[in-house]
Amino acid sequence: MLRPFVYLAPHSLAEAVEMRRVHDNANFLAGGTALLVAMERGQASAETIIDLKHIRQLREIELTAEGELKIGALITLREIIDSQLIRSYAPVLVQTAQLTATPQVRNLGTIGGNIASGLAAADLATALIALNAHVLVATNSGEVRMPLNDFLGDTKVISQQETRIISAVILSGARGHASYQKLMVRNAADVPLANVAIWTQTDSGQVTAVRIAAGNCAGRPARLMEAESLLRGQIITPETIQRTALTATETVQQTGDSRASEAYRRRMVGVLTRRALTQLLELL
Amino acid sequence: MSNHPITLTVNKSPYSLSVAAHHTLLDVLRDDLGLTGTNEGCRMGDCGACTVHLNQLRVPSCLVLAVNADGADVQTIEGLAGETTGEHHPLQEAFINRGALQCGFCTPGMIMSAAAILDEIPERPLSEAAIREALAGNLCRCTGYAKIIEAILEVANG
Ligand SMILES: Cc1cc2nc3c(=O)[nH]c(=O)nc-3n(C[C@H](O)[C@H](O)[C@H](O)COP(=O)(O)OP(=O)(O)OC[C@H]3O[C@@H](n4cnc5c(N)ncnc54)[C@H](O)[C@@H]3O)c2cc1C
Ligand code: FES
Ligand code: FES
C-alpha cells in the first residue's frame, strides 16, 4: 500500500511551479512507473503529489518552424514508438523505446519521467545525450532551455530542492546516424546492466562529428570524451572500432552495484561501443 | 491525505466513487468494486498479474492512481468473459483446453495482455517470437510459457 498523500492536479505549468513552491516534500507525477515504485519500496516519499498529466501543452509532438523536433514531456514510450515524426527524425529513439521496460509500462511511462527519474542508465536519457538533446525547463524564475547534459549534471531531480519541470525535449541540428546498445539480464523488460549510445556524422567515410554516451557514470548517463576524440577525423574500420572500444573501457567511469561490478560494466561499455560502431559501419 | 470523487466505466457499467488519492486502480477494483479477478502480485509493475485495459491500452493497474482513472473506460478479466453472451472469450477457452495454467495466479493478467496483443499486432500469422516479446511484462512461475504461447497462437492464427 502507498502511504497517504495530498493529490494536486494543476492545469498549467505556472500553476504547477507555484504549487511546488508552496508545498515542501512534494513530488511531480507523470506516468508514475518510476515514482510509485520508489514510493512502494519506501525509497521515495511525498506528502504532496503534483500530477502533471492535466497540462495539455506537455502532450504535443511537433516539428517547429526552425526545423527542430519538440517532444512534449508527457509523451509516453508507446507514443514514441508509434510516432511517424519521431521515427523519421530520430529512428534511434524509437529503437531505444522498444527496448525499454515492458509493453504495459510503456503505455504509462513518459520521456520526461525517464529523464527526471534519476535512473543511472535510463534508456531514453542515454540515447538523448548522444543526440545532444536540449530540454525546456519551467523554473521559479521562468522557462529556460538547456542541454540535457547540463540538466542531468545538476542534481538528482528526484530529490530536487529547486522546482524544475521539464516541458519538452528538443532535437535539432544534423541528423547523422545513431545506434543504441543495451545489455540486460533478461532479453526484455529490464533496466540496463550497461548501455551505450553513439551518434556520428560522416563525410565520404570520415567521421566529422561523434558523440558517445554511456549510462552508470557516477549515477547518470554521460559522454565519453576520450573515445570521441579518438574517433573524430578517422574512418570507421574494424581497427578504429577496436581502438575506440578499448579507449571507452579504459576511460569510462562506471559505478558498481549489486547487479554488476564496476569492472564488469567497464568491459561491457567497450563491448557495446564496438557493437554500436559495427552497426553504424553497416548503416553508412 | 485527500479524497476525490471520480466516475469511471468498468466492464461497461458506470460507477461514481470517492477514492483516496493514494489508492491505485488495482486497490479500487479489488477492494471497492469486489472485482478480484485482477490479481495483486508485486505492486511494482514487474509481474503483470494486475494487467487491465485502460482506455483500450493494457496497463499495470498497480501503477495507476485511481484518481487518474477518472472518466476512463476500464476492462478487466471479468468483462472479457461476459462481453457478448456471457460465455468465455476464445482466449479463455484456448487457455482451458490447452492447460495453459497451473496455479492460475498469472492467468487473468496473461489473458488481458493476450487480448491486447491480438489488437496491437495486426500481422497474421502471428509469430511465436512476436508473442514472446509482447508478453515480456507478464511473468508465470508455473507453466514455462509454452502452452500459454500455443493458446495465443491458436486464437490468433486459427
Ligand atoms: C517493470 C518496469 C521496468 C522498467 N524498465 C525500465 C527500463 O528498461 N529502462 C528505463 O530507463 N526505465 C525503466 N523503468 C522505469 C520507468 O518506467 C521509466 O524510466 C519511465 O520512462 C519513467 O517515466 P514516468 O513518466 O513513469 O515517471 P514518473 O514515475 O511519473 O516520474 C519519475 C520522477 O521524475 C519526475 N518527473 C516526471 N516527469 C517530470 C517532468 N516532466 N519534469 C520534472 N520532473 C518529472 C517525478 O517527479 C519523479 O520524481 C521501468 C519501470 C518498471 C515498473
Ligand atoms: S502487481 Fe502490478 S505488475 Fe505486479
Ligand atoms: S500458472 Fe502459476 S504463475 Fe502462471
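Residues numbered from 1 in each chain as written. Chains lettered and ligands numbered in written order. Predicted model: local features only at pLDDT ≥ 70, side-chain atom pairs only at ≥ 80, totals over all residues. Heavy atoms only, no water.

## Comments concerning the pattern of salt bridges
Counted only if it meets this: Salt bridges are defined by distance alone: a side-chain nitrogen of Lys or Arg within 4 Å of a carboxyl oxygen of Asp or Glu. Helix and strand assignments follow DSSP, with helices taken as H or I runs no shorter than four residues and strands as E runs no shorter than two, numbered in order from the N terminus. Under the scheme applied here, a residue whose accessible area is under 20% of the maximum for its type counts as buried, over 50% as exposed, and between as partly exposed, the area being computed with a 1.4 Å probe on protein chains only.
All chains considered together, the criterion is met by 19 salt bridges over all chains. Two residues, Glu68 of chain A and Arg145 of chain A, come together in a salt bridge whose shortest N-O distance is 3.0 Å. Of this pair, Glu68 of chain A sits in the loop between strand E4 (61–63) and strand E5 (69–72) while Arg145 of chain A sits in strand E7 (residues 142–147), placing them 77 residues apart in sequence. Across the salt bridge formed by Glu228 of chain A and Arg223 of chain A, the nearest N and O atoms sit 2.7 Å from each other. Take Arg223 of chain A: its relative accessible area is 23%, and that puts it in the partly exposed class. Within the structure, one salt-bridge network assembled from shared partners comprises Glu40 of chain A together with Asp27, Glu40 and Arg43 of chain B.

## Some remarks on the domain arrangement of chain B
Residues and elements named next belong to chain B. The cut-off we apply is this: As used throughout, domain bounds are those supplied by an automatic or database domain assignment. Contacts: residue pairs with any heavy atoms within 4.5 Å of one another. What gets called buried area is simply the loss in accessible area from a 1.4 Å probe that two parts show on being joined, summed for both. Classification convention: Asp, Glu, Lys, Arg as charged; Ala, Val, Leu, Ile, Met, Phe, Trp, Tyr, Cys, Pro as nonpolar; all other residues, Gly among them, as polar.
What the domain assignment lists for chain B is domain 1 (3–80) and domain 2 (90–157). Computed over C-alpha atoms, the centres of domain 1 and domain 2 are 22 Å apart. Contact with domain 1, which involves 15 residues of that partner, is made by 16 residues of domain 2. Among the residues domain 1 hides against domain 2, the three largest losses belong to Arg58, Ile77 and Leu80. Together they make up 43% of the total. Across the domain 1-domain 2 interface, the total number found is 1 salt bridge. In this structure, Glu120 engages Arg58 in a salt bridge whose closest nitrogen and oxygen atoms are separated by 2.8 Å. Put simply, the parts of the chain that give the side of domain 1 that touches domain 2 at least two residues each are strand E3 (51–54) and helix H2 (77–81). Split by residue class, the side of domain 1 that touches domain 2 holds 4 nonpolar, 8 polar and 3 charged.

## Some remarks on the nonpolar core
What counts is decided by this rule: In plain words, nonpolar cores are sets of buried Ala, Val, Leu, Ile, Met, Phe, Trp, Tyr and Cys residues tied together by side-chain atoms within 4.5 Å.
The biggest cluster of nonpolar side chains holds 40 residues, and the ones touching the most others in it are Ile80, Leu93, Ile115, Leu128, Val135, Phe151 and Leu171 of chain A. For this core, the leading source of residues is helix H8 (residues 123–130) of chain A, giving 6 residues. Inspection of this core shows a minimum of three residues originating in each of domain 2 (56–171) and domain 3 (177–283) of chain A. In this view, Leu93 of chain A contacts Ile71, Ile80, Ile86, Leu124, Ala127, Leu128, Leu131 and Leu171 of chain A; residues no more than four positions away in its chain are not counted. Grouped together as the second largest cluster of nonpolar side chains are 38 residues, Leu29, Val64, Ala66 and Val74 of chain B included.

## Some points on the pairing of strand E4 (residues 57–60) of chain B
Residues and elements named next belong to chain B. Counted only if it meets this: Two strands are counted as paired when DSSP detects at least two bridges linking them.
Of the pairings in the sheet, the one linking E3 to E4 comprises 4 bridges and is antiparallel in character. For Val52, the partnering residue across the bridge sits in E4 and is Val59. Counting the residues that bridge the hairpin from E3 to E4 gives 2 residues, and of these Asn55 lies at a positive phi of roughly 45°.

## With respect to the sheet that holds E7 of chain A
Residues and elements named next belong to chain A. For the record, the criterion: Axis lines are fitted to C-alpha atoms, over the contacting stretch for helices. Their N-to-C directions set the angle, which ranges from 0 to 180 degrees.
Spatially, E4-E5-E8-E6-E7 is the arrangement adopted by the 5 strands of the open sheet, whose pairing is antiparallel. The open sheet has two free edges, formed respectively by E4 and E7, since each of these has just one partner strand. If you compare each strand with its neighbour and ignore which way they point, the axes differ by 20° on average. Bridging between strand E6 (residues 134–139) and E7 involves 6 bridges; their strand directions are antiparallel. Bridge pairing in E7 links Leu136 to Arg145.

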